[in-house]
Amino acid sequence: MSEFEKIGLHEIREKFLDFFEKKEHLREPSFSLIPRDDKSLLLIGAGMAPLKKFFTGEATPPAKRMTTSQKCVRTGDIDNVGKTLRHLTFFEMLGNFSFGDYFKHEAISWAWEFLTEVMHLPKEKLWVSVYLDDDEAYNIWKDEIGIPEERIVRLGKEDNFWELEVGPSGPCSEIHYDKGVEFGCGKDDCKPGCDCDRFLEVWNLVFTQFDKDENGVYHPLSHPNIDTGMGLERIACVMENVDSVYDIAAIRAIIKVVEAICKKNYGDNHEDDIHLRIIADHARAMTFLISDGVVPSNEGRGYVLRKLIRRAARHGMLLGIDKPFLEAPVSRVIESWGDHYQELKDNKRIILEVLNTEEERFQRTIVQGTELLNKKMSELKSSGVKSMSGVDVFELYDTYGFPEDLTEEILLDNGLSYNKEEFKSAMDDQKNRAREALDKSDSGWRKGGDDSLFNGLENEFCGYTKDEMDTIITDIFVEDKKVNSIKKGDQAIVILKDTPFYGEGGGQIGDTGVILGDGFKLNIIDTKKTKESVYLHIAEVEEGEAKAGDRVHAKINSTRRNDIRRNHSATHLVHAALRQVLGTHVHQAGSLVDDAHLRFDFSHYQAMTRDEIAEVERIVNEKVLESIPVVTEIKSLAEAKAEGVMGLFESKYGEVVRVLKMSEFSKELCGGTHVKNTAEIGLFKITMEAGVAAGVRRIEAVTGHGAYNYVLEQVELIESIASTLKVNKEDIIKRAEDVLKENKDLKKEINDLKGELAGNLVNSIEDDIKEFNGNKLLAKVLHDVEVADLKTMADDLRNKYSDIILVFATINNSKLNILVAASKDIVASGFNSGAAVKKIAMALGGNGGGKPDMAMAGAKDIDKVDNIFNNIEEYL
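This structure is a prediction, so every number in the text was calculated from the model and none was measured.

Chemist: So what exactly am I meant to see when it comes to the overall build of the protein chain here?
Modeler: Scanning the protein chain from N- to C-terminus turns up 24 helices and 35 strands. For a compact globule of 876 residues, the expected C-alpha radius of gyration is about 29 Å, and the protein chain comes in at 37 Å, more than 25% above that figure. Counting only C-alpha atoms and orienting by the principal axes, one finds that the protein chain spans roughly 115 × 95 × 55 Å. The buried share among the 876 residues of the protein chain stands at 49%. Excluding contacts between residues fewer than 6 apart, the proportion of contacts in the protein chain whose partners are at least 24 apart in sequence is 67%. For the protein chain, the exposed surface amounts to about 42,000 Å²; the carbon and sulfur share of it is 47%. If the 114 positive side-chain charges of the protein chain are averaged to one point and the 153 negative ones to another, these points end up 2 Å apart.

Chemist: Whenever I open this one, the pairing of strand β16 (residues 491-496) confuses me. Can you help?
Modeler: The two faces of a sheet get side chains in turn, since along a regular strand they alternate between them. Counting buried positions over the six residues of β16 gives five, a clear majority of the element. Both strand β13 (residues 468-478) and β16 contribute to a ladder of four bridges, which runs antiparallel. By the bridge assignment, D475 is partnered in β16 with I495.

Chemist: Explanation requested: the packing of aromatic side chains in the structure shown.
Modeler: Describing an aromatic ring pair means giving the distance of the ring centres and the angle of the ring planes. In this structure the tally under the stated criterion is 26 aromatic pairs. For the pair Y102 and W110, a centre-to-centre distance of 4.8 Å together with 75° between the ring planes defines the contact as edge-to-face. Grouping residues by exposure puts Y102 and W110 together as buried. Ring geometry for F454 versus F477: centroids 5.0 Å apart, planes at 80°, classification edge-to-face. Residue F454 is located in the loop between α15 (420-437) and β12 (460-461), and its partner F477 is located in strand β13; the two are separated by 23 residues in the primary sequence. Considered together, F454 and F477 belong to a single accessibility category, that of buried residues. Here the aromatic residues F16, F19, F20, F114 and W203 are joined through ring pairs into a cluster of three or more. Taking NZ or CZ as reference, K157 lies 5.1 Å from the ring centre of F161, over its face. It is R658 that lies over the ring of Y464; its NZ or CZ is 3.5 Å from the centre.

Chemist: Explanation requested: the side chain of E174 in the structure shown.
Modeler: By the secondary structure assignment, E174 is in strand β7 (residues 167-178). Buried charge without a partner: E174 forms no salt bridge, and the closest opposite charge is R234, 8.0 Å away. Polar contacts involving the side chain of E174 include one to the side chain of H176, which spans 3.5 Å.

Chemist: Mind showing me how you'd approach a nonpolar patch on the surface here?
Modeler: Among the surface-exposed residues, L683, V711 and V715 lie close enough to one another that they form a single nonpolar patch of about 210 Å² accessible area. Tracing the backbone shows V711 in helix α19 (residues 704-725). Taking relative accessible area as the criterion, V711 reaches 37% and is therefore assigned partly exposed.

Chemist: Would you mind going over unusual backbone geometry with me for this structure?
Modeler: When glycine is set aside, most residues are seen to have a negative phi, and most peptide bonds are trans. Although it is not a glycine, K726 sits at a positive phi angle of roughly 60°. Of note, the phi angle at D784 is positive, near 60°, even though the residue is not glycine. Topologically, D784 is positioned in the loop between β31 (775-783) and α21 (787-800).

Chemist: Can you help me understand the sheet that holds strand β28 (residues 684-693) in this one?
Modeler: Consider a sheet: its strands pair through backbone hydrogen bonds, and that pairing is either parallel or antiparallel. The antiparallel open sheet is built from four strands, whose spatial order is β23-β24-β29-β28. Pairing within the sheet leaves two strands with one partner each, and these edge strands are β23 (588-593) and β28. On average, adjacent strands in this sheet sit at an angle of 15° to one another, irrespective of strand direction. In the packing of helix α16 (residues 558-582) onto the sheet, contacts are made with β23, β24 (598-603), β28 and β29 (696-703), and the angle to β24 comes to roughly 25°.

Chemist: Looking at this structure, I do not really get the pattern of salt bridges. What am I missing?
Modeler: Counting across every chain of the model gives 61 salt bridges. A salt bridge links E21 to R27; the nearest nitrogen and oxygen atoms lie 3.5 Å apart. Of the charged contacts, one joins R349 and E353 as a salt bridge, the two residues approaching to 3.1 Å between their closest N and O atoms. Taken together, the residues R349 and E353, both in helix α12 (residues 348-382) and four residues apart, mark about one turn of the helix. A relative accessible area of 22% means that E353 is categorised as partly exposed. Each member of the salt-bridge network shares a partner with another, and the members are R306, R310, E358 and R361.

Chemist: Just checking my understanding: could you explain the packing of helix α3 (residues 104-118) against helix α4 (residues 135-145) for this structure?
Modeler: Where α3 meets α4, the axes come as close as 10 Å, and the angle between the chain directions of the two elements is 50°. Classified by the angle between their axes, α3 and α4 sit oblique to one another. Seen from above, α3 lies across α4 with right-handed handedness. Counting all contacts with α3, which are made through K104, H105, I108, S109 and W112, the residues of α4 involved are E136, A137, I140, W141, E144 and I145. Grouping the constituent residues of the contact of α3 with α4 by class yields six nonpolar, two polar and three charged.

Chemist: Sorry if this is basic, but what is going on with the sheet that holds strand β26 (residues 656-662) here?
Modeler: Strands sit in the order β25-β26-β27 across an open sheet of three strands; the sheet is antiparallel. Each end of this open sheet is capped by a strand with a single partner; those strands are β25 (630-636) and β27 (666-669). Within this sheet the neighbouring strands show an average axis-to-axis angle of 25°, counted without direction. Across three bridges, β26 lies against β27 in antiparallel orientation. Paired with V659 across the strands is L669, a residue of β27.

Chemist: Please clarify how the nonpolar core should be interpreted in this entry.
Modeler: It is characteristic of soluble globular proteins that their nonpolar side chains tend to be buried jointly. Within the largest apolar cluster, 117 residues are counted, with the highest numbers of intra-cluster contacts made by W141, W203, I235 and W337. A total of eleven residues in this core trace back to one element, the largest contributor, which is α12. Sequence-distant contacts of I235, that is, excluding residues within four places in its chain, are made with I12, L115, L121, V202 and M230.

Chemist: Explain the environment of N265 here, please?
Modeler: Take N265: it is sitting in the loop between α7 (249-262) and α8 (270-291). Relative accessible area serves as the criterion here: at 48%, N265 is assigned to the partly exposed category. For the pair formed by N265 and L276, sequence separation is eleven residues and the distance between their alpha carbons is 9.4 Å. The contact partners of N265, leaving out residues within four places of it in the chain, are E259 and D273.

Chemist: What's the story with the packing of helix α9 (residues 300-318) against α12 in this structure? I'm lost.
Modeler: Helices that pack against each other are described as a pair by the angle of their axes relative to one another and the distance between those axes. Where α9 meets α12, the axes come as close as 10 Å, and the angle between the chain directions of the two elements is 60°. It follows that α9 is oblique to α12 by the angle criterion. By crossing handedness, the relation of α9 to α12 is classed as right-handed. Of the residues in α12, those touching α9 at R306, I309, R310, A313, R314 and M317 are L355, E358, E359, R361, F362, Q363, T365 and I366. Of the residues belonging to the contact of α9 with α12, the class tally is six nonpolar, two polar and six charged.

Chemist: Which parts of the structure should I look at to understand the side chain of R310?
Modeler: As for its position among the elements, R310 is in helix α9. Looking at R310, the relative accessible area reads 6%, which means it is buried. Here the side chain of R310 touches E358 through a polar contact of 2.8 Å, side chain to side chain.

What counts and what doesn't
Residues numbered from 1 in each chain as written. Predicted model: local features only at pLDDT ≥ 70, side-chain atom pairs only at ≥ 80, totals over all residues. Heavy atoms only, no water. Helix = DSSP H or I, 4+ residues; strand = E, 2+ residues; numbered from the N terminus. Rg over C-alpha atoms; globule rule 2.2 N^0.38 Å. Buried < 20%, exposed > 50% of the residue type's maximum accessible area, 1.4 Å probe, protein only. Contact = heavy atoms within 4.5 Å. Areas by Shrake-Rupley, 256 points an atom, 1.4 Å probe, with all protein chains shown as cover. Lys, Arg positive; Asp, Glu negative; His and termini not counted. Charge placed at Lys NZ, Arg CZ, Asp CG, Glu CD. Pairing = 2+ DSSP bridges. Phe/Tyr/Trp six-rings, centres within 6.5 Å; stacked < 30°, edge-to-face > 60°. Lys NZ or Arg CZ within 6 Å of the ring centre and 35° of its normal. Salt bridge = Lys/Arg side-chain N within 4 Å of Asp/Glu carboxyl O. Polar contact = N/O pair within 3.5 Å; in protein donor to acceptor, adjacent residues only side chain to side chain. Patch = residues over 30% accessible without salt bridge, like charges linked within 9 Å, V, L, I, M, F, W, Y side chains within 5 Å. Axes fitted to C-alpha atoms, helices over the stretch in contact; angles between N-to-C directions. Parallel < 35°, antiparallel > 145°, perpendicular 65-115°, else oblique. Left-handed = near helix turned anticlockwise from the far one by under 90°. Nonpolar A, V, L, I, M, F, W, Y, C, P; charged D, E, K, R; others polar. Core = buried A, V, L, I, M, F, W, Y, C linked by side-chain atoms within 4.5 Å.

Nothing here speaks to function; it is geometry throughout.
Next up, the structure:
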């Protein structure tokens, strides 16, 4: 490659953004790796991906010209990462974009200007390709830019045309850098499009000028767009005059950190180089993913992160690193990329905590899993079998948490495979078992409920503003059948024309209350809601007869509802407080709100500390005391998202949504019932924090009446403890400390006495030592001696005699334990206490084992022990 001024990766990024900013482009920071409002993507993997709706016309861009350096993660080629010199999971895409403003002339001329006048690349080293039929682009390159025709290559749709199934599409033009004939195939017609490594594509200019319809017809756009993408790492290879993205100075610096840990040098060994490249690549990906709020889990983007961390950790092990080490290369990423991505420095604590927690968890997992996998691989190889059972792979995954893809990678490294169909079948069976264990019916009216019963029915929920109202019974159902009436003692599902009763949904339980009519009373024991939002009142007839068409007065249990309101509003405050204390990676993972308490599940990588719990509790109570008005607004989903409102489960919302606001502190989409002012919540108290799944924590808390009752219980508990300890409440802690100290002193005294007794016992049984094969043997059946004391006695006697074998049995509370021990000289001559104790125990209906110098066993046949010990030599 030719020599010219070398420019590093970070400098290139700044020069690019500055160049297009001067061309009147809006310079935007990189969008998050987590796609916003785009459920078709798991992670952002292209520069234009976050701007897709601007190109399709679904959203209005903030400016007609934009430029970004977009963070991207792609894992489709993860198996090639590290093994080739060009594949990466994390990369940055430099891009300039036009939404109906400029087109080919400007896009081409500015790209040429940047590469030749800002980057100072030699013009003769640059080649271009255009779409086969794009004469316009061809002529601009030839006539306006002045590139010789022999360096302009026409290629087909596969190489130079961008399109979706339906929608925006168009030709593209790629700029290639000629690395030199020494990298080529040697053919005279070698040029861009050839499979050799001579020509490196550095920039792709996409001319979105058509709208493709369902029939495959391309309609010209009245305002065509420009979408360009230049891989930052690729252009850095050119500018630093290196052959590989892993030789770029910024990435090479990550490798150097790992070299220092494993004491190996990059370039010395092919296999080690692969491990080092994988770690360097994955370190960047995991750093940016965690910073953007992804936490390790077993699904979705959380699984991508878990896979990257565990894969990097395993390759560290293959380099001989036997302890967690990823913090070092990740810290290097934060230091290097943090100047441009300030969020990396801001989130450094969380990034390292998430990383260390997951790496330590994997260290524990891999020890068990690898042990079992190695055993199974050894069995396969010894029997000449090349494929492992899918059931065995599933056992590793299900029992030991060993990821399927990691098993596959290790098997491949050992020339083995596994039955993927068997694995899939085992996984499906597990999912079916889980599905059967849950009531998946969103109808919720009863397990196995069938929503089709209520097709065509509708009613309106009025409970946001009313606790009671006059309405009409429209339909009645008893045991899946529609009926006209119900009488005293019947249970039924009652449908009202309008209702104040909230149907269970969004984590909030359904209302209870009464329905009163002329001569009858229905107790509503629960309220459910179908998928089509038909409210179902689960009723028991207390008195009289109710008929479809009857006018009634519906009244909820308002005391119970108010307790539910308090708890539901508190969950919103908890969510906001958790994000403030723990970080913006926290998202709701589920909730339950009833009249007694609230339960809130959230994404987080480790148990909360006492200080963190206390801080969340303090913030929520502070917001309660601030008496913040709780405001509900009805608006379009698009408006809500534009305001930054949090949607917890967006797929459940329609185009019109309810936005619940508590000042700027909390703004969420919610269909539940809430207090009118945070002051109504009363005291908030967290009662429990625990883990419920990998990467998911749970908080339980009480408010209002629940919090008052909790306080009363705690006061009663304290008074009961004080009474038991016979002290005032203020002196409980001191008295408890005194009791603990007294207990500790008494235990020491007891142990000292036991030691004396054991010593006395040793002296009393020494006379029973006899000769055995030229050594000493002491075999004794004892009663009411603790196992720990047996060991002490054995140690004392082994210290006293260098050639002794000890066999003790102790019968204590109808339990029989056996100890065999031997001095060092006896063990050195080949005696094994573990084998001896096992043989003795089996003769007594038990089993056991241990080390050659001392071993323990349990047995059952107490009545045989004297006979065995009378002939103990036979068992040694």
